[in-house]
Structures are given as structure tokens and as C-alpha cells.
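Here are the chains, one letter per residue:
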Amino acid sequence: GLYAEVEENGSTIFGNAFIAILGTMGGIAVGVALWIQQSGVNLMALLRPQLEPAARRFAEAFPDSAISAETLALQLPANVTILLMLALAAALVWERRTALILRLPQRRESGQTGLAGFRVPDVFVWIAIVAALGAFLNHNHPWLSVAAQNVLYVLAALYFFQGLAVLVVFFRAFRVGVFWQGFWIFMIFLQLLLMMAVALVGFADFWLEFRDRIAKKATELDKRV
């Protein structure tokens, strides 16, 4: 709902989503803080029994990891943010199809508002580098590591979506069939390694401008044909 309100100002898809998710997370944070203040509960003690089964399953899948219920609890802000991002992305992907089914008027997409034009602002590259240093360098500030890890996870998800946008442009430029588009996107969501590769493509897009290169290559091929 907040995204729909913000969208009327005609900003980029990133700007609309950023404001909507930031506002939603702010509302969640305020609500949780007021609830804790009024009820006097210990949030970590409340979350630990809920997160311990997930921590055990994660440890079984990745024996070398030092994951615990406390670690998962400290990463909840990033996880909730990423869930909101996925929900919003799904809503936007299915927006046109839903409008067709319900016979609702459709708005026109531009390069700035269309999903294929999704682009993380350039400054976020440097934020990601600083967050990586804060998360992995040895220092005596545990709170800084936790905050940096949360920021890094959210940025990884952002660059994953930018990598998907690059992939969509590639599919369109080279006229990849709908079946194969769905197949590869489905495979990406099934394989963690492929998801990391797509996020890396999105991160490298800052320097390599993949979409411009793809458009140029597709134009050259069309001229040859």
C-alpha cells in the first residue's frame, strides 16, 4: 500500500521500493519497541526457542558454520527486510498479469519504472564495500559487526535483483522463449551458487554496464541478419 502511494510521485522503481520498505521497517521497529516497553518481555528469550530448530537445520546443512539461535535473532532485521523485498518484487512481477485477469487499466512502464530498468544507485557500491569491511575485519566492536552484516545481506539481495534485471534484458534482447526464461529463473532460485552469481553480476554492473553492452550486441546481430 505504501509503495502504491509513493509511486504516484513518479520516482524510479528503486526509489519507490526504498521508501516503501524503509517506512514499513520503521513501522515494524516502532511497533516492536512499544510492545517490548509495555509488556516488559525479553525479546531474545522469546525468540530463542523459535529459532533453535532453524539453527540446528542450518548447522546440519553447513557443518563448518557457527550459526546459533542468537546469530539468527541478530540477523532478523535483514531477513525481514529481504522478505519484504521479495513480497514487493512478486507483487510487481504479477501486477500486469493480475490487471489483465481482473480487466483493470494498466500503466505504461518506462526504462526507469519497469522491472528491467531496476538499478541500485551507484553510492550503494561503496556502502557495500564498507559494510563488508565492518562485517569481516577483526575489531573490538561486536555491535558494528552485527549492523554491518545486516546491511551487507540486504545489499546482496538488492544486487541480486539488479542481476535479475540484467538477465531479463538479456532474455528480451536475444528473444529467449518464455519457457526457457522461466526455467532459468526457477533454477536460479533453487541454487544458492547461482543466486550468488546473479548478485555478483548485479554488483559488477556498476562498472561493466551489462545492459548497455547487451543492447549494443543485440543491435549488431540484428543488422547482420
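As a starting point, this report considers the structure included with it. (Residues numbered from 1 in each chain as written. Predicted model: local features only at pLDDT ≥ 70, side-chain atom pairs only at ≥ 80, totals over all residues. Heavy atoms only, no water.)

**A short note on the nonpolar core**
Part 1 of the argument: Counting 28 residues, the largest nonpolar core has Tyr3, Met85, Phe118, Val120, Phe124, Leu158 and Phe160 as the members making the most contacts within it.
Part 2 of the argument: Of all the secondary structure elements, the ones that give two or more residues to this core are helix H2 (13–39), helix H5 (76–93), helix H7 (123–136), helix H8 (142–173) and helix H10 (192–208).
Part 3 of the argument: One finds Leu51, Ala55, Ile67 and Ala69 within the second-largest nonpolar core, a separate group that totals 6 residues. (Core = buried A, V, L, I, M, F, W, Y, C linked by side-chain atoms within 4.5 Å. Buried < 20%, exposed > 50% of the residue type's maximum accessible area, 1.4 Å probe, protein only. Helix = DSSP H or I, 4+ residues; strand = E, 2+ residues; numbered from the N terminus.)

**Let's talk about the pattern of salt bridges**
Part 1 of the argument: As enumerated under the stated definition, the model contains 4 salt bridges in all.
Part 2 of the argument: Of the charged contacts in the structure, one is a salt bridge between Arg48 and Glu70, with a shortest N-O distance of 2.6 Å. Residue Arg48 is found in helix H3 (residues 43–61), and its partner Glu70 is found in helix H4 (residues 69–74); the two are separated by 22 residues along the sequence.
Part 3 of the argument: Look at Glu70 and you get partly exposed, because its relative accessible area is 31%.
Part 4 of the argument: It is possible to trace a salt-bridge network through shared partners that takes in Arg119, Asp205, Glu209 and Arg211. (Salt bridge = Lys/Arg side-chain N within 4 Å of Asp/Glu carboxyl O.)

**Examining the side chain of Ser145**
Part 1 of the argument: Take Ser145: it is sitting in helix H8.
Part 2 of the argument: Residue Ser145 is classed as buried on the basis of its relative accessible area of 16%.

**Here's the deal with the packing of aromatic side chains**
Part 1 of the argument: According to the stated counting rule, one finds 15 aromatic pairs in the structure shown.
Part 2 of the argument: A centroid spacing of 5.5 Å and a plane angle of 85° characterise the contact between Trp180 and Phe183, whose relative ring orientation is edge-to-face. Here Trp180 pairs with Phe183, and both are found in helix H9 (residues 178–190), just 3 residues apart, close to one helical turn.
Part 3 of the argument: Taking the relative accessible area as the measure of exposure, Phe183 reaches 33% and is therefore partly exposed.
Part 4 of the argument: Among the aromatic residues, those joined into a ring-pair cluster are Trp126, Tyr159, Phe203, Phe206 and Trp207. (Phe/Tyr/Trp six-rings, centres within 6.5 Å; stacked < 30°, edge-to-face > 60°.)

**Brief notes about the packing of H5 against H8**
Part 1 of the argument: With their axes 8 Å apart at the nearest point, H5 and H8 run at an angle of 20° to one another. In terms of their interaxial angle, H5 and H8 are classed as roughly parallel. Where H5 crosses over H8, the two elements pack in a sense that is right-handed. For the pair formed by H5 and H8, the contact residues are Leu76, Pro77, Ala78, Thr81, Ile82, Met85, Leu86 and Ala89 on the first element and Asn150, Tyr153, Val154, Ala157, Leu158 and Phe161 on the second. (Axes fitted to C-alpha atoms, helices over the stretch in contact; angles between N-to-C directions. Parallel < 35°, antiparallel > 145°, perpendicular 65-115°, else oblique. Left-handed = near helix turned anticlockwise from the far one by under 90°. Contact = heavy atoms within 4.5 Å.)

**Considering the side chain of Asn16**
Part 1 of the argument: Relative to the helices and strands, Asn16 resides in helix H2.
Part 2 of the argument: Residue Asn16 is classed as buried on the basis of its relative accessible area of 1%.
Part 3 of the argument: Beyond its immediate chain neighbours, meaning those up to four positions away, Asn16 contacts Tyr3, Val6, Glu7 and Ser11.

**A few points about the packing of H7 against H10**
Part 1 of the argument: As a packed pair, H7 and H10 sit with axes 10 Å apart at the nearest point and diverge in direction by 125°. The angle between H7 and H10 falls in the class oblique. Judged by the twist between their axes, the crossing of H7 over H10 is left-handed. Taken together, the residues of H10 that come into contact with H7 (itself represented by Val125, Trp126, Ala128 and Ile129) are Phe203, Phe206 and Trp207.
Part 2 of the argument: For the contact of H7 with H10, a count of residues per class yields 7 nonpolar, no polar and no charged. (Nonpolar A, V, L, I, M, F, W, Y, C, P; charged D, E, K, R; others polar.)

**A word on the environment of Gly202**
Part 1 of the argument: Mapping Gly202 onto the fold places it in helix H10.
Part 2 of the argument: Excluding its chain neighbours within four sequence positions, the residues that come into contact with Gly202 are Tyr159, Gln162 and Gly163.

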